[in-house]
Amino acid sequence: MYTGGCLCGAVRFEITGPIRNIVYCHCSQCRKAQGSAFATNGIVQTADFHIIAGEGQLTGYESTPGQTKYFCKVCGSPILSKRDSVPEQVRIRLGTIESDIAERPVAHIFVGSKACWEEIGGDLPQYESYEPGR
Ligand SMILES: [Zn+2]
Ligand SMILES: [Zn+2]
C-alpha cells in the first residue's frame, strides 16, 4: 500500500493497488499545473484510490472539457486528475506519494511542446504527443 498527501497535510490518501503507465508529461497544461518543466503521472484504478483525510479540502478545475484536475485548496498541491470518459481510473501526481514505489516511469510524452529551457536526459522513449496505444 502506498500513502501520500498534500504539502500542508490536510489531504491524505492511500493507494491499495499498482500504479501503471507512469509518464513524464511535458505538455503546456501540465507545466502550468505543476509550475515546473513536467508532471509525473501514473494511472491507478479508482477502486484502489482512497482519500482518508481532507476530502473537503480538495477542489477541482476542469482544464479540458471532461477532464478535471484536483488539488488542495489550502496549499495548492496537485493530487490527481479524472476523466469523465474513464471513470474507472484516476491519474495520480507521483510527487505527492510519500512511500517508496515499485513502479518506474516508462516514457516522456508531449516532448513536442516542452519548455525551450528544458533538457531531457536519460534513455526512456520520448514521444511528440501521447505514447502509442493511448
Ligand atoms: Zn494541502
Ligand atoms: Zn500533460
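Details of the structure are given in the entry above.
One structure accompanies this document, and this report is about it.

About the thresholds
Residues numbered from 1 in each chain as written. Chains lettered and ligands numbered in written order. Predicted model: local features only at pLDDT ≥ 70, side-chain atom pairs only at ≥ 80, totals over all residues. Heavy atoms only, no water. Salt bridge = Lys/Arg side-chain N within 4 Å of Asp/Glu carboxyl O. Helix = DSSP H or I, 4+ residues; strand = E, 2+ residues; numbered from the N terminus. Buried < 20%, exposed > 50% of the residue type's maximum accessible area, 1.4 Å probe, protein only. Donors = N, O, S within 2.8 Å, 3.2 Å for Na, K, Ca; no water. Tetrahedral: all angles 85-135°; square planar, octahedral: opposite > 155°, others 65-115°. Core = buried A, V, L, I, M, F, W, Y, C linked by side-chain atoms within 4.5 Å. Phe/Tyr/Trp six-rings, centres within 6.5 Å; stacked < 30°, edge-to-face > 60°. Contact = heavy atoms within 4.5 Å. Pairing = 2+ DSSP bridges.

Under the definition given, this model contains 1 salt bridge. Arg12 is paired through a salt bridge with Glu98; the nearest N and O atoms lie 2.8 Å apart. Remark: Glu98 occurs in the loop between β9 (89–93) and β10 (107–109) and Arg12 occurs in strand β2 (residues 12–15); sequence separation between them is 86 residues. You can call Arg12 partly exposed: its relative accessible area is 25%.

Moving on, we get to the coordination of the zinc ion (ligand 2). Only Cys25 (SG), Cys27 (SG) and Cys30 (SG) from the protein reach the zinc ion (ligand 2) as donors, at distances of 2.1 to 2.3 Å. Along the chain, the residues that donate to the zinc ion (ligand 2) are spaced as C-x1-C-x2-C. Of the two residues examined, Cys25 and Cys27, each falls in the buried class.

Positive phi values are uncommon outside glycine, yet Asn21 reaches one of about 50°. According to the relative accessible area criterion, Asn21 is partly exposed, its value standing at 26%. Phi at Phe110 is positive, roughly 55°, even though this residue is not glycine.

At 2.3 Å from the zinc ion (ligand 1) lie its protein donor atoms, namely Cys6 (SG), Cys8 (SG), Cys72 (SG) and Cys75 (SG). In this structure, the zinc ion (ligand 1) is coordinated by 4 donor atoms arranged in tetrahedral fashion, with angles at the metal of 105 to 115°. Classification of Cys8 as partly exposed rests on a relative accessible area of 39%.

Right, let's talk about the nonpolar core for a bit. Generally speaking, soluble globular proteins have nonpolar side chains that are buried together. Ranked by internal contacts, the top residues of the largest apolar core, which has 18 residues, are Ile15, Ile19, Phe49, Ile92 and Ile97. Put simply, the parts of the chain that give this core at least two residues each are β2, β8 (78–83) and β9. Val23, Cys25, Ile109 and Phe110 belong to the second-largest nonpolar core, a separate cluster that totals 8 residues.

With that settled, consider the packing of aromatic side chains. All chains considered together, the criterion is met by 3 aromatic pairs. When the centroid spacing of 5.3 Å and the interplanar angle of 40° are considered together, the rings of Phe13 and Phe49 count as tilted. Remark: Phe49 occurs in strand β5 (residues 49–53) and Phe13 occurs in strand β2; sequence separation between them is 36 residues. When its relative accessible area of 12% is taken as the criterion, Phe49 is described as buried. Seen in terms of ring centroids, Phe110 and Tyr130 are 4.8 Å apart; in terms of plane orientation they differ by 80°. Their pairing is edge-to-face. With Phe110 in the segment after β10 and Tyr130 in the segment after β10, this pair connects stretches of sequence that are 20 residues apart.

The topology assignment puts Gly42 in strand β4 (residues 39–45). Judged by its relative accessible area of 0%, Gly42 falls in the buried class. Separated by 22 residues in sequence, Gly42 and Arg20 place their C-alpha atoms 5.7 Å apart. When near neighbours in sequence (up to four residues on either side) are disregarded, Gly42 contacts Ile19, Arg20, Asn21, Ile22, Val90, Arg91, Ile92 and Leu94.

Let us now look at the pairing of strand β7 (residues 67–72). As paired elements, strand β6 (residues 58–64) and β7 share 6 bridges and run antiparallel to each other. Note on β7: the bridge partner recorded for Thr64 is Gln67. Here β6 hands over to β7 after 2 residues, with Gly66 in that stretch at a positive phi of 85°. The pairing of β7 with β8 spans 5 bridges and is classified as antiparallel. Paired with Gln67 across the strands is Arg83, a residue of β8.

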